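Each chain, letter by letter, is given below.
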Amino acid sequence: MKTEIIKVENLEAAFDGKRILKGVSFTAYQNEITVILGTSGCGKTTLMKHLIGLYKVDLGRVYILGQRTDTMDEDEFEQFQLNMGVLFQNGALLNSLTVADNISIALEQHVKIPVDMIRDLVRVKLKLVGLSHAIDYLPDQLSGGMLKRAALARAIAMDPVLLFCDEPSAGLDPVTLKGLDQLFLQLKEQLGISIVLVTHEVSSIKRLADRIIYLEKGHVLFQGSLQDALDSNIPEIKNFFNNGN
């Protein structure tokens, strides 16, 4: 039996009187890549921000790793977040710090070990993402693909069991994108990380997805395996994949 890693029940969200999420319910499972997709404005980024705690849950329930996170206070959730890594769309690296220093931040804050051991851990993470040579680079010395890999190394610095990725393909050419996708698959297999990914890139979805959550105007229109999504006769889903091709 699959182990639930995320369970969302009847999540609602509204901004300036406009409902963005309308009773969203879905489940994601351990050691799978779950892709949240849908057309522009469907609510996928809003959903992601509720999961990682950037938006407060007003209505509904969110369970992550078996714990209800929407009722945690700020200190509880901050501690709980150590189980989660986040790869933001723009990488969100600090430009004034080297790649190594960017990755070291969380380790220095939360792990009481000597500086030389932190440096060794940074090297391990950079080797995992194929960036060993860039340890002392500044972010503006990195290409788009290298920047995403460096941000990914930072996201997994604390060995999270769950990784959230918001549009990681943004700004990447097809070859670089394919390489990043292969890296996600390697991390899933080598480290056992479960991944929740927001993207509109059909090529990535077909390479990565174990499970699909399809949003349409704030509702969950479909949830199930990638193959079930591809075989679906739901017009919106057929159009999404056909237009992506």
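This structure is a prediction, so every number in the text was calculated from the model and none was measured.

Participant: What's the story with the sheet that holds strand β8 (residues 194–198) in this structure? I'm lost.
Facilitator: The strands making up a sheet are joined through hydrogen bonds of the backbone, oriented either antiparallel or parallel. As summarised here, the arrangement of the 6 strands in space is β6-β7-β8-β3-β9-β10, forming an open sheet in which the pairing is mixed. Two strands in the sheet have a free side with no partner beyond their single neighbour: β6 (84–87) and β10 (219–225). Neighbour to neighbour, the strand axes of the sheet diverge by 15° on average, direction disregarded. For strand β3 (residues 33–37) and β8, the ladder comprises 4 bridges, and the chain directions are parallel. Residue isoleucine 36 lies in a different strand from β8, and its bridge partner there is valine 198.

Participant: Quick question: what am I supposed to make of the packing of aromatic side chains here?
Facilitator: Think of a pair of aromatic rings as described by two things: how far the centres are apart, and how the planes are tilted against each other in angle. In this structure the tally under the stated criterion is 4 aromatic pairs. A ring pair is formed by phenylalanine 77 and phenylalanine 80, whose centres lie 6.3 Å apart and whose planes are at 35°; its orientation type is tilted. Residue phenylalanine 77 and its partner phenylalanine 80 are located together in helix α2 (residues 74–80), separated by 3 residues, close to a single helical turn. Assigned by exposure class, phenylalanine 77 and phenylalanine 80 land together as buried. Ring plane angle 80° and centroid distance 5.5 Å describe the contact between phenylalanine 240 and phenylalanine 241, whose orientation is recorded as edge-to-face.

Participant: What should I look at first to understand the sheet that holds strand β2 (residues 18–29) in this one?
Facilitator: Overall, antiparallel pairing links the 4 strands, which are arranged β2-β1-β4-β5 in an open sheet. Where the open sheet ends on each side, the last strands, each with one partner, are β2 and β5 (67–68). As judged from the 8 bridges shared by strand β1 (residues 4–15) and β2, these two strands associate in the antiparallel manner. For valine 8, the partnering residue across the bridge sits in β2 and is phenylalanine 26.

Parameters at a glance
- Residues numbered from 1 in each chain as written.
- Predicted model: local features only at pLDDT ≥ 70, side-chain atom pairs only at ≥ 80, totals over all residues.
- Heavy atoms only, no water.
- Pairing = 2+ DSSP bridges.
- Helix = DSSP H or I, 4+ residues; strand = E, 2+ residues; numbered from the N terminus.
- Axes fitted to C-alpha atoms, helices over the stretch in contact; angles between N-to-C directions.
- Phe/Tyr/Trp six-rings, centres within 6.5 Å; stacked < 30°, edge-to-face > 60°.
- Buried < 20%, exposed > 50% of the residue type's maximum accessible area, 1.4 Å probe, protein only.

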